[in-house]
Amino acid sequence: MSMIPPPVEPFRIKMVEPLGRTTRRERDKLIRAAGFNVFNLPAEKVFIDLLTDSGTSAMSDRQWAGIMMGDESYAGARSFFRFEKAVRDIFGFAHVIPTHQGRAAERILFESVLGRNSAVPSNIHFDTTRANIEVRNAKAVDLAGAAAYDPDADLPFKGDMDTAKLESFLDRSAGRVPIVMMTVTNNSGGGQPVSLANIRKVSAVCRLRKIPFFFDACRFAENAWFIKRREKSYGSWTVRDIARKMFSYADGATMSAKKDALVNIGGFVTLNDSDLAARIKNMLIIGEGFPTYGGLAGRDLEAMAQGLQEVLDESYLEHRMRQVAYLGNLLDEAGVPYFKPAGGHAVYVLADRLLPHIPRDRFPGWALTVALYRESGIRAVEIGGGMFGRKNPRTGREEVPDLELVRLAIPRRVYTASHMVFVAQALGAIARKPERVKGVRIVEESRFLRHFTARFEEID
Ligand SMILES: *Cc1c(COP(=O)(O)O)cnc(C)c1O
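Let me sum up the structure you'll find in this document. (Residues numbered from 1 in each chain as written. Predicted model: local features only at pLDDT ≥ 70, side-chain atom pairs only at ≥ 80, totals over all residues. Heavy atoms only, no water.)

1. Here's the deal with the sheet that holds strand β8 (residues 267-271)
Then step 1. As summarised here, the arrangement of the 5 strands in space is β2-β8-β7-β6-β5, forming an open sheet in which the pairing is mixed. Only two strands of the sheet have a single neighbouring strand rather than two, namely β2 (95-99) and β5 (180-183). Going across the sheet, the axis of each strand differs from the next one's by a mean of 15°, ignoring polarity.
Then step 2. Pairing analysis gives 4 bridges linking β5 to strand β6 (residues 213-216), with the strands arranged parallel. From the neighbouring strand, V180 faces β6, where its bridge partner is F213. (Pairing = 2+ DSSP bridges. Helix = DSSP H or I, 4+ residues; strand = E, 2+ residues; numbered from the N terminus. Axes fitted to C-alpha atoms, helices over the stretch in contact; angles between N-to-C directions.)

2. Regarding the side chain of D260
Then step 1. Here D260 is to be found in the loop between β7 (252-256) and β8.
Then step 2. One polar contact links D260 to R412, side chain to side chain, over a distance of 3.2 Å.
Then step 3. Among residues more than four places away in sequence, those in contact with D260 are C218, R219, F220, A221, E222, M255, L308, V311 and R412. (Polar contact = N/O pair within 3.5 Å; in protein donor to acceptor, adjacent residues only side chain to side chain. Contact = heavy atoms within 4.5 Å.)

3. Looking at the nonpolar core
Then step 1. Formed by 64 residues in total, the largest nonpolar core has its most connected members in F91, V180, F215, F220, M246 and F247.
Then step 2. Taken together, domain 1 (24-53 + 313-459) and domain 2 (61-310) each give at least three residues to this core, which thus spans both.
Then step 3. Apart from residues no more than four positions distant in its own chain, F247 is found in contact with I90, F91, F93, F215, A217, F220 and A253. (Core = buried A, V, L, I, M, F, W, Y, C linked by side-chain atoms within 4.5 Å. Buried < 20%, exposed > 50% of the residue type's maximum accessible area, 1.4 Å probe, protein only. Domains from an automatic or database assignment.)

4. Here we look at the pairing of β2
Then step 1. For β2, a buried count of 5 out of 5 residues is recorded, marking the element as mostly surrounded by other parts of the structure.
Then step 2. For β2 and β8, the ladder comprises 5 bridges, and the chain directions are antiparallel. Along β8, the bridge assignment pairs T99 with G267.

If you want it as structure tokens, here you go:
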């Protein structure tokens, strides 16, 4: 047992969901039937599910009470006004437009601002953000600093944008950039935070050129907590005040409420510009619903309004962030290499270092997700060659991305410290005998987002 003190859960449990256990033999059959792809597993056969932190939060007693209080009126529901006030109090923008999830917020924003030749910079775009830009024949440009791609750089704000790169990009692209985005925390870059100093600088660069600056704010509370802990002079601020300060530098934000609003479905766009808000609401009515419900039920709006209060509770955040760091510390002890430092919502294991005997074109990250499930019933997701690589049609060879990661995403308020110990022990067992893990090859794949549906086989 580890000597690292576990974070103490600041809640007690009054409703439980039993976890089914399976035997190794059953899991071996199941993963074969799934084509060695953990997306194809029935979730009931997963013991600890670290596939994603999105929409997997446990709601509180007050959120469930809110569900019962939802006003289901088509227009002007009480629940909408409560939700609108909750968002305005934190984000501070005039217009609040609900959507059914984050990508819908992105879609109606980009439909309203992008032209054919547009380009949208960010620190690193999340996949759905990138897809919503590229599907309109515009360009999604990543401008994070070099440290964002270095797994060994143990730095406090690896999510920061390189502002020199931003300035030169904007100078080269005059008239082509209708909006600048910033992802907090930077999900595709290891869940790393962005500093207030960087936010201020990016905001100044955009204001000088009169370009609107928007946050992709899915994990704004986790980002604010990192600022409180890591950035000079904010230690005595409340996380709520830091969040408000962050948003004061921007013109709007998109949000997936499935992350830091502690709900299972929901999202929104919020912004100051009234003309743009009117255009976005037209898109909303076509694709999502009337502006006071936007593709959600009144009860969902109640749950979001309450979740936005709870996510800024500092005892919640302290536990959340310490739980992820705790898993990182346990992995250090177990000799499992990961992207440093641990992120806000996840720890990203360096699979190619853990399994050096598996060459990159035999997908060490993918092989690790198979081993973790088969040995211990844990589901994680590969973020490496399977997800981002592609077969070169001319040479037939796999082209792989720089990093070969396996993400252990921690759902909010769902698992306890002893679950983290179980996960670290499972990975530690693999790290002690890595050569037992076999590489894999793809036997069936689709052209887009192949990792969701691809089928693999093991190579002896
Ligand atoms: C999850 C996520 C989105 C998309 O939100 P959905 O609710 O899944 O549609 C966008 N950006 C980031 C950074 C995310 O993590």
